[in-house]
Amino acid sequence: MRALLDTSVLIGEDAPGDVEAAISVASVTELHFGVLVAQDAEERARRIDRLAAVEATFDPLPIDVEVARAWGRLAAAVVRRGGNPRRRQIDLAIAATATVERVPLLTHDLADLEIINDLVDARQP
């Protein structure tokens, strides 16, 4: 199965099996942020190792105009349904990438996308 891995899967302990995986450049953003805000040197080193492994493994999918359009549609749907898209912008960018690529999004954070679960094929890994 082809799938897009959410950042929550990239930082998780178990890699999904039997998946032709891709990631969004938005996940690389989250991983870099995580390194930069780590308070503890040991945790920062662990995050740097994870980031290096992810960057060596994947050629991230970009946020291009098509993804930006899908992202806008998903954010608008969140607003129409009474949610606040600002608190989940990176999640929406990753979900938009999966939507444009027409692949499921594997995530440990299904609750973050529950408000638009009919628009995004998000699954547990």
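Summary of the structure given here. For clarity, every value in this text was computed on a predicted model and none was experimentally measured. (Residues numbered from 1 in each chain as written. Predicted model: local features only at pLDDT ≥ 70, side-chain atom pairs only at ≥ 80, totals over all residues. Heavy atoms only, no water.)

The subject of this paragraph is helix 5 (residues 89-101). When the terminal C-alpha atoms of helix 5 are compared, their 18 Å separation across 13 residues agrees well with the 18 Å that a helix rising 1.5 Å per residue should span. Elements that come into contact with the buried residues of helix 5 comprise strand 1 (2-5), helix 1 (7-10), helix 2 (25-37), helix 4 (65-80) and strand 3 (105-106). One or two positions beyond helix 5, positive phi appears at Arg102, with a value near 60°. (Helix = DSSP H or I, 4+ residues; strand = E, 2+ residues; numbered from the N terminus. Expected span 1.5 Å × (residues − 1). Contact = heavy atoms within 4.5 Å.)

This part covers the packing of helix 4 against helix 5. In contact at an axis separation of 8 Å, helix 4 and helix 5 are set at 125° when each is read in the N-to-C sense. It follows that helix 4 is oblique to helix 5 by the angle criterion. The two elements helix 4 and helix 5 cross, and the hand of that crossing is right-handed. Judged by residue contacts, Glu66, Val67, Ala70, Trp71, Leu74, Ala75 and Val78 of helix 4 engage Gln89, Leu92, Ala93, Ala95, Ala96, Thr97, Thr99 and Val100 from helix 5. Partitioned by chemical class, the residues of the contact of helix 4 with helix 5 number 11 nonpolar, 3 polar and 1 charged. (Axes fitted to C-alpha atoms, helices over the stretch in contact; angles between N-to-C directions. Parallel < 35°, antiparallel > 145°, perpendicular 65-115°, else oblique. Left-handed = near helix turned anticlockwise from the far one by under 90°. Nonpolar A, V, L, I, M, F, W, Y, C, P; charged D, E, K, R; others polar.)

Our focus in this paragraph is the pattern of salt bridges. All told, the structure shown has 6 salt bridges when counted by the stated rule. The residue Arg46 makes a salt bridge to Glu43 at a minimum N-O spacing of 2.6 Å. Of this pair, Arg46 and Glu43 both sit in helix 3 (residues 41-57), separated by 3 residues, roughly a single helical turn. Under the relative-accessibility criterion, Arg46 is labelled partly exposed at 41%. Between Arg81 and Asp118 there is a salt bridge, with the nearest N and O atoms lying 2.6 Å from each other. Highlighted residues: Arg81 in the loop between helix 4 and helix 5 and Asp118 in the loop between strand 3 and strand 4 (122-123), separated in sequence by 37 residues. Overall, the relative accessible area of 39% leaves Arg81 in the partly exposed class. In this structure, a network of salt bridges that share partners links the residues Arg2, Glu20 and Glu101. (Salt bridge = Lys/Arg side-chain N within 4 Å of Asp/Glu carboxyl O. Buried < 20%, exposed > 50% of the residue type's maximum accessible area, 1.4 Å probe, protein only.)

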